[in-house]
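Listed below are the residues making up each chain.
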Amino acid sequence: MFDFIHLTIPPAPALFAQLLVGLINGAFYAMLSLGLAVIFGLLNIINFAHGAQYMLGAFCAWFLLNTLGIGYWPALVLAPLIVGVVGIAIERLFLRHIYRLDPLYGLLLTFGLALIIEGVFRQQYGSSGQPYAIPPELRGGRNLGFMFLPNYRAWVIIVSLAVCLATWFTIERTRLGAYLRAATENPVLVQAFGINVPRMITLTYGTGVALAALAGVMAAPIYQVSPLMGSNIIIVVFAVVVIGGMGSILGAIVSGFTLGLVEGLTKVFYPEASNTVIFVIMALVLLVKPAGFFGQAR
Amino acid sequence: MRIAILTGVAAILALAAPASAEISGDAVKLGVLNDMSSLYADISGAGSVEAARMAIADFGGTVNGKKIELISADHQNKPDVGSAIANQWFDNDGVDAIVDVPTSSVALAVQQIARTKGKVFLISGAASSDLTGKACSPTSVHWTYDTVALANGTGSAVVKAGGDTWFFLTADYAFGHALERDTSKVVEASGGKVVGKVRAPLNTADFSSFLLQAQASKAKIIGLANAGGDTINSIKQAGEFGIVEGGQNLAGLLVFITDIHSLGLQAAHGLQLTEAFYWDQNDQTRAWSKRCLDKMKREPSMVQAGVYGAVTHYLNAIKATGSDDGPTVVKQMKVMPVNDFMTKNGKIREDGRLVRDMYLFEVKAPSESKGAWDYYKQIAVIPGEEAFKLPGPNECPLVKG
Amino acid sequence: MSRGGDAGRILTAVLIVLALAAPFVFYPVFVMEALCFALFACAFNLLIGYVGLLSFGHAAFFGSAAYITAHTVKVWGLPPELGILAGVAVAAILGTAFGWLAIRRQGIYFAMITLALAQMIYFVALQVPFTHGEDGIQAVPRGRLFGVIDLDDTLTMYYFVLAVFLLGFSLIVRTINSPFGQVIKAIRENEPRAVSLGYHADHYKLVVFILSAALSGLAGSLKSLVFQLASLTDVEWTMSGWVVLMTLVGGLGTVLGPVVGAFFLVAMQHYLAQLGSWVTVVQGVIFIFCVLVFRRGIVGLIATYAVPRLRTQAREPSAVGDAAARGTP
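About the thresholds
- Residues numbered from 1 in each chain as written.
- Chains lettered and ligands numbered in written order.
- Predicted model: local features only at pLDDT ≥ 70, side-chain atom pairs only at ≥ 80, totals over all residues.
- Helix = DSSP H or I, 4+ residues; strand = E, 2+ residues; numbered from the N terminus.
- Rg over C-alpha atoms; globule rule 2.2 N^0.38 Å.
- Contact = placed C-beta atoms within 7 Å.
- Domains from an automatic or database assignment.
- Nonpolar A, V, L, I, M, F, W, Y, C, P; charged D, E, K, R; others polar.
- Pairing = 2+ DSSP bridges.
- Axes fitted to C-alpha atoms, helices over the stretch in contact; angles between N-to-C directions.

With that out of the way, let us pick up the overall build of chain B. Regarding its fold elements, chain B presents 14 helices and 15 strands. On C-alpha atoms alone, chain B measures out to a radius of gyration of 22 Å, which is about the 21 Å that the 2.2 N^0.38 rule sets for 401 residues. By its C-alpha atoms, chain B is 75 × 45 × 40 Å across when sized along the principal axes. Counted over contacts in chain B with a minimum sequence separation of 6, partners at least 24 positions apart contribute 72%.

On to the domain arrangement of chain B, then. Residue and element names in this part refer to chain B. Looking at chain B, the domain boundaries give domain 1 (23-145 + 283-352) and domain 2 (148-275 + 358-384). Distance from the C-alpha centre of domain 1 to the C-alpha centre of domain 2: 28 Å. Tallied by class, the residues present in the side of domain 1 that touches domain 2 amount to five nonpolar, five polar and two charged.

Here the phi dihedral of Asn77(B) falls at roughly 60°; this positive angle occurs in a residue that is not glycine. Within the element layout of this structure, Asn77(B) appears in the loop between strand E3 (66-74) and helix H3 (79-91). Residue His132(C) is not a glycine yet carries a positive backbone phi of 55°. One can find His132(C) in the loop between helix H5 (107-127) and strand E1 (137-138).

A word on the sheet that holds strand E5 (residues 120-123) of chain B. Residues and elements named next belong to chain B. If you walk across this open sheet you meet the six strands as E2-E3-E1-E4-E5-E6, and the pairing is mixed. Two strands bound the open sheet, and with one partner strand each, they are strand E2 (62-63) and strand E6 (140-142). Sheet contacts for H3: strand E1 (27-34), E3 and strand E4 (97-100); angle to E1, the most-contacted strand, approximately 175°.

With that out of the way, let us pick up the interface of chain B and chain C. Contacts between chain B and chain C engage 20 residues on the former and 18 residues on the latter. Elements with a minimum of two residues in the side of chain B that touches chain C: E3, H3 and helix H4 (104-117) of chain B. Here the side of chain B that touches chain C takes seven residues from H3(B), the largest share from any one element.

Written out as C-alpha cells, the structure is:
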C-alpha cells in the first residue's frame, strides 16, 4: 500500500537547473505573499481574498490589452492601481466594520469575498482562461550551459527582488513605515498625534491588494489567465506567510524563496508530493515555532 | 398505521413501474448533466444543452405522439453531486436518459446508477475507455471519443511520422494515469519507446521543473497526459523554454478546440491532436456549426456535436421500437447505423462504443489562420475500426463469453 | 438547567415528528444528505462553539471515515454496522493524533495546523490505491443491517440514518449539559482560572476534539452508505470550509444552529444547482452577510428575539474571540 512513495535521483547539472527554477518560483511566491504579510502584519486581517485580487490583476492586464490596447509595461503600473482602488473600496465597505472582532471573522469575510469575485468571473469568462502573450522585449532566452533560461523568468526574479526590497525598506526604515507600525500597536495614541489613522489603514490595505495585483500582472504571460488561478495558489501563499511568521515582511520574503527551492527539489525527487510538501513544513513550523521563523508572538 | 402507509407506498410504486412496450410517464425526458461552471464548461456546458435542444427541435418535438422534454444541471465535476442529481432525476423527475457528462469519474458513477435503474446513458463528454471496458453497461452508449481513440490517433500517427521516443508529462490523478497507460501501449506497439515520465500534481501552475526534466530526457516527443488548465499551462510554458526550438515536439493527448482558443495560435501552433469533429471540415459541419455560433457565440466542440448526434439517434430508436425502456432502446441503437453531419457509417459496438472515424489535426500558424476559430488543418483520417481498436482483449462482460 | 426547559422539549418533539414524516413529503435522499451534514456540523460545533477552537481540517475525519466504511463494506464485505464502526474508529484515531498535535496552539495557528494536517490526509487519499483517486470508491453496497434489515430500500435507510443522527445529537447534548460540559464551558470562559482550580485544560480540550472527530467520522460513514460513494470531495479543504459556513449560518455555539444551517445550505445547493457559478457567488454573499450582520446565526437570532427568557443568555459568540485575544499561540 505504501509503494506510492518512491524517489528519483537526477544528474548534477540538471540539479542546478532545477534549483534555479525553484528559486524563480520562490521569488514569485515571495512577491505574492508580501501583500498578505503587509495586510496581516499591520492590520491584523487575514486576507483570504488575496488570491482573487491576484486574479483581478491578471484579468485587468488582459482587459487593458484586449479592450484598450494598453500593453504589458503600462499595465504593470495601471493594473495594481486599479485593483488597489477596488481594495480600498472593499476596506471601506466591509473590513472597516470588523476590526474590533476576532481576526478569524476577517478570514471568513474575505473568504466570502473571494468566492464572490471568483464566481462572477467564472460566470462571465468560463474557466478555460484567456491568452496573454509575453511582451516582445522579454521573449526568448539565453543558454546558460546547464539550462535554457527564458528572459521572462529572469525578469521575474529581478522585479520580485526589487519589490521585496522596496516594501521591506518602506515598512522598516522609513518614517511612513514607522507611523504604520506604531498605528498598529496603539492607534489611539498615534491618532492623538494628529495622524489620520483610518486613512493610513485604508491605504495600507489598498497597497497590499495592489501588490497582489502586481503579482497577477507578472503571472499573466506565463500562467493561464483564468478565474481559477487565485484559488489554486492562495493556500500555498498562506503557508508561505505562516512559515515566515505572520506579520513579518522579512519572514515572508525569506520563506517565499526557501519554499520555492524546497518545492523545486521535491519536483525532482518526489514530484507527486510537490503540492503537499509545503503543508508538511507548515505543520512542522507551527508545532515547533508557531510564530514562524521571523514572527513575534501576537 | 405505519403498515397502512407502507402498503400504500408499495402499491403506488408497483403501479409506477413501466410496462415494456410503452413510453413511461407520457413523455420522453432527457437530462443534460455536465459541467456548467468550471473546467469543462466551455467544451460542454450550455453548448451541450443547446445542441440537445436543437436535436429535439429538428426531430419535431414529439416522438410517437409523446412530447420530448429537456432539463439540465451542473455536476461541478464531482461524483457525489453527479450521483445525487442522477438519482433524483431517475427516481423523482421521470428522466429517461442522461446525456453528456464530461469528467470520467462522474460518468462512471452515473453509469452505475443508470445500469441499476435500467435507464439510458448517452455519453459524449467523458473519455475513459473503462466506460465500455470493465464498467460497461447494456444501457449506455459512449458516443464521441475515448482514451483508446486518442491514443491510437495521436500516439500511432506521431510515432509513424518519426516521433519514436516519448517522455510523458502526466497529471497525477486516475484519468491522467489511464491516458498515459493507453498511449504508452500504443507507442510501444507501433515501434516506439517510452524513455521517461514525470507525474505532476493536478492543477499545477508552474511546469518549468517538469519541462526541464523532459528536455533532459532528450525524447523526441513530450506527451502531455493531462487536460484542461494543466495542458494549457504546459503548452504555454513549453513555448517559453524553447522546447520546440530545441528539437522536441509536443503531443497533446487530450486537447479541445477551446483550449487552442484560450492559448492562442502563437503558443499552440504545430501541436498535433486527435478530435472527432471540427466545425470547418465540410459543408454539413459548417452549416450545423453556424447554427451553434449564432446561438452560443462560439464554435461547437466535438462534445457538443456528439450530444446532437446521440440524442437524434436515441430518438430515432424510440420511434422504431415504440418504447423508451432502456435496454430495448439501446439494443435498437446498436442495430441502426449512425449517419449525421458528424458521423458517416458509424456503428455501435456490443459494449456500447460508437465506432466512428477520428481525425488527426495540426494547429495552424498565426499566418495561416483567417480569423477566430480557424485553428486546425486536417492531416489524416483515422478509420473507425483502427481508431477504436483495443490494445488487448475486450474486458466488457457483455462481450466476453 | 437545559436550554429553554419546556419550550425546548416541545420544540424537540415537534422536530422529531417532522423528521419522521419528512420522507413522504420531500425527496428522501435529500433529507438523508441534510441529516448527515447536520451531524457533521453539530460535531464541528462542539469544537468551535464550546471550546472556541476553529478547525479548518474537519474534512479529514469526515472523508477518511467515508473511505474506510466504503472500502470495508464493498471490498471486505462487512455488514454496514461494522463498516460504520470501522470508519468511526479510524476517525477517532486520526482525531487523537491531530488533536494531540494541534491542541497546543490556539486561534489562527490552531486553524492553520488543522488545515495543514488535513491537506496531508488529502494527499494520502489521492495517492493510496484503494481510494481510486478522483473516481472514488463507487457502488458501495448498503447491505443488511444486523443481517436482517435491508438498507437498499430508501425508506428503511432513511429511518436508520435518522436514528443514528438522533443518537449522535443526543450524545452531544448530553455531553454539553453534563459536569464534563460545565468544565469545558469554564475553560472557555477563563482558562487560567480553570487551570488554577486544578483542571487539566489541555486534556479536556483533547477529549472534546476526539469526540468531535469521531462524530464527524460517523457523519462521513453514514454519507458513504447513503450515496454509495466515497470520493476526494469528502477530504478536500473546501469541505472543511463548507462545514464552517453551515455552523456559522445556523449559529455558532447553539444546539440546533448547526442542524438548521446544514439543512439551509444543502437545500440551497440543490435548488440553485441550475445556476452554475452563481451558487459560489451566493455562498460568498451568505458568508459576508453572516459575518457583518448575522454573527449569531439563524438560531441565535431566533433565540434572542423570539424567546425573551433567553435574551440574557445569548450574546456575541466570543468563544473564538477570547482565545485569540489572549494572544498566546
